[in-house]
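Fold and geometry: a report
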Amino acid sequence: MKSAVETLNPTRVRLTVEVPFEELKPSLDAAYKKINQQVTVAGFRKGKIPARVIDQRFGRGAVLEEAVNDALPKFYTEAVNEGELNPLGQPDVDITELKDGELLTFTAEVDVRPALEIPDYSGIEVTVDATEVTDEDVEKSVEQLRERFATTSPVERAAAEGDIVTVDLEAKVDGEVLEDGVAQDVDYTIGSGQLLDGIDDAVKGLEAGGSATFTSQLKGGSAEGKDAEIKVEVKAVKARELPELDDEFAQMASEFDTLEELKADSRKRLERMKKFDQATQAQEKVLEELLKLVEVPMPEKLLEDEIRTRKHNLEHHQLGQIGMTLEKYLEMQGKTAEEFDAELKEQAEKGIKTQFVLDEIVNKEKVSVGQDELTEHLMRRAQSSGMAPDQFAQAVVEQGQVPMLVGEVARGKALATVVEAATVKDTNGEVVDLDEADEDEAAEAAVEAAAETTEA
């Protein structure tokens, strides 16, 4: 077999392959054997029909077609390896010549990974948020914990902001009560904004037994988007009571004996969270700067496939699971179809570019992935998918996705290498020591940052 590579553009090549007929013999024998098992000819046992009889009865062309279809993948793969190519997707194959007993010639056009030059990235500088935890941050955290331990009790007074009211609702459109427009014994916290626009003003000042009518646009149901006349009847008013902020509260809400110990622990927890957020922000910003440094030719067919995959996943999986159409989603987002397509293209281009650049750094820096790192990543992916680790691992193996997970971890480590070489400062102008962040969490954050950018 002889092959030649012609570069059509930085991301696409054409392979021209010539195969002497004798190299087709194994596939030709396999074709006769296959046809032997599929046909019957009077006077011959199944599977024992001579080749000349098959040629006479069914045509030599049918045999050649079967043999060529069997042989093409093998010769294409050999040509790819011989040319040291990194193909992307399936090739477009064209048989240009087939001379029985002499020669098979075919061409295969395929997208390939572009050759990239990774410049010195040690000069990258980014600025991230500072991590100071203020007294106000601690007070807010403790207050949120306090809210979780709030109790409610009925009151005999008019409803006010923050109270919980139990209400019955009835919605009318054009004077007719909707079949799905009646709800009873609904608990609603005044001011939460979690029910209908206008309900807060309607129920404020009402006592148990009171009612009011207001107009609101329906957010769901059979008359979604229409203005409805809503009647609300208050059946009960309950006030929320927060526990006193003292040592007794600390003992009830935590493992600490005093409020000061609880506050000190809240401060430490907030500091860890801000450190982790800072590391994640650094990774995202360093990646943005890295991508600006590298010129990446974009394989058009790969880009088209990526856009199509992302759109399909959004429309049929993410939105489909909640019963929402793409049109309704765009309406809620305030986007036109053209704006959505442009945004999707930009995301797909960034994802492909990120994968190419990080993969090149993996090769340049000789990044390897250990079994422990792969297992840790698999455990986290299982957790995020809601599957048991062993069940997730089995699915990964059965679907042949182990190389994909290895690639995710390797790209995450490559990104971490770039971040380590970069200069990261906070908004106070201080150089940030990212080593102070939890190493395991920071490393996994890099993996996730790389994966989220590249995955469809």
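Okay, so let's go over this structure. Small disclaimer: the values here were computed from a predicted structure and weren't measured.

Let's shift gears to the overall build of the chain. Scanning the chain from N- to C-terminus turns up 14 helices and 11 strands. Taken over the C-alpha trace, the chain has a radius of gyration of 33 Å; the compact-globule value for 456 residues is 23 Å, which it surpasses by more than 25%. Dimensions of the chain along its principal axes, counting C-alpha atoms only, are 100 × 65 × 40 Å. Within the chain, buried positions represent 36% of all 456 residues.

The periodicity of an α-helix, 3.6 residues per turn, causes residues three or four places apart in sequence to face the same way. Between its first and last C-alpha, helix α4 (residues 135-148) extends 20 Å over 14 residues, near the 20 Å set by a 1.5 Å rise per residue. Within α4 the residues assigned to the buried category are Val138, Ser141, Val142, Leu145 and Arg146. One side of α4 holds all its buried residues, which, seen down the axis, span an arc of 145°. Those residues of α4 that are exposed and aimed more than 90 degrees away from the buried face are Glu136 and Lys140. Looking at the buried residues of α4, the elements they touch are α6 (247-253) and α7 (259-293).

The next subject is helix α3 (residues 60-82). The end-to-end C-alpha distance of α3 is 31 Å, a good match for the 33 Å that 23 residues give at a rise of 1.5 Å each. Within α3, the axis deviates most sharply at Ala71, by approximately 35°, and proline Pro73 lies no more than four positions further along. By the burial criterion, the buried members of α3 are Val63, Leu64, Ala67, Val68, Ala71, Leu72, Phe75, Tyr76, Ala79 and Val80. Two residues or fewer after α3 comes Glu84, characterised by a positive phi angle close to 50°.

This part covers the pattern of salt bridges. All told, the structure shown has 36 salt bridges when counted by the stated rule. Close ionic contact of Lys74 with Glu78 constitutes a salt bridge, the shortest N to O distance being 3.0 Å. Linking Lys74 with Glu78, this pair stays in helix α3, spanning four residues, or about one helical turn. Judged by its relative accessible area of 47%, Lys74 is partly exposed. Using a relative accessible area of 32% as the deciding quantity, one classes Glu78 as partly exposed. Between Lys274 and Asp137 there is a salt bridge; the shortest N-O distance is 3.4 Å. With Lys274 in helix α7 and Asp137 in helix α4, the pair connects residues that are 137 residues apart, well separated along the chain. Within the structure, one salt-bridge network assembled from shared partners comprises Glu6, Arg12, Arg14, Asp92, Glu109 and Asp111.

Taken N-terminus to C-terminus, the directions of helix α11 (residues 371-385) and helix α12 (residues 389-398) make an angle of 105°; their axes are 9 Å apart at the nearest point. Overall, the two elements α11 and α12 adopt an arrangement that is roughly perpendicular. Residues Leu378, Met379, Arg381, Ala382 and Ser385 of α11 lie in contact with α12, whose contacting residues are Pro389, Phe392 and Ala393. Across the contact of α11 with α12, the residue classes tally to six nonpolar, one polar and one charged.

Bringing the sheet that holds strand β4 (residues 103-112) into the picture now. Think of a sheet as strands paired side by side through backbone hydrogen bonds, with each pair either parallel or antiparallel. The sheet built from four strands is open, its strands ordered β1-β2-β4-β3 with antiparallel pairing. Strands with a single pairing partner mark the edges of an open sheet, and in this sheet they are β1 (2-9) and β3 (87-99). Neighbour to neighbour, the strand axes of the sheet diverge by 20° on average, direction disregarded. Where β1 lies against strand β2 (residues 12-20), seven bridges are found, and the strand directions are antiparallel. Paired with Glu6 across the two strands is Arg14, which belongs to β2.

With that out of the way, let us pick up the packing of aromatic side chains. Taken as a whole, this structure holds one aromatic pair when the rule is applied. Where Phe149 meets Phe249, the ring centres are 6.1 Å apart and the plane angle is 90°; that geometry is what we call edge-to-face. With Phe149 in the loop between α4 and β6 (151-154) and Phe249 in helix α6, this residue pair connects regions lying 100 residues apart in the sequence. Since its relative accessible area comes to 2%, Phe249 is described here as buried.

Attention now moves to a negative patch on the surface. A cluster of acidic side chains, namely Asp247, Asp257, Glu260 and Glu261, defines a negative patch on the protein surface. Exposure remark for Asp247: the relative accessible area of 37% places this residue in the partly exposed category.

Right, let's get into the pairing of β2. Taken together, β1 and the strand that follows it, β2, pair antiparallel across an intervening segment of two residues. With nine bridges joining them, β2 and β4 adopt antiparallel strand pairing. Across the sheet, residue Val17 finds its bridge partner in β4, namely Phe106.

For Asp174, which is not glycine, the phi torsion reads 55° and is therefore positive. When you line up the elements, Asp174 lands in the loop between β7 (164-173) and β8 (176-189).

Analysis parameters
Residues numbered from 1 in each chain as written. Predicted model: local features only at pLDDT ≥ 70, side-chain atom pairs only at ≥ 80, totals over all residues. Heavy atoms only, no water. Helix = DSSP H or I, 4+ residues; strand = E, 2+ residues; numbered from the N terminus. Rg over C-alpha atoms; globule rule 2.2 N^0.38 Å. Buried < 20%, exposed > 50% of the residue type's maximum accessible area, 1.4 Å probe, protein only. Expected span 1.5 Å × (residues − 1). Arc of directions from axis to C-beta. Contact = heavy atoms within 4.5 Å. Bend = angle between axes of the 7 residues up to and from the residue. Salt bridge = Lys/Arg side-chain N within 4 Å of Asp/Glu carboxyl O. Axes fitted to C-alpha atoms, helices over the stretch in contact; angles between N-to-C directions. Parallel < 35°, antiparallel > 145°, perpendicular 65-115°, else oblique. Nonpolar A, V, L, I, M, F, W, Y, C, P; charged D, E, K, R; others polar. Pairing = 2+ DSSP bridges. Phe/Tyr/Trp six-rings, centres within 6.5 Å; stacked < 30°, edge-to-face > 60°. Patch = residues over 30% accessible without salt bridge, like charges linked within 9 Å, V, L, I, M, F, W, Y side chains within 5 Å. Areas by Shrake-Rupley, 256 points an atom, 1.4 Å probe, with all protein chains shown as cover. Lys, Arg positive; Asp, Glu negative; His and termini not counted. Charge placed at Lys NZ, Arg CZ, Asp CG, Glu CD.

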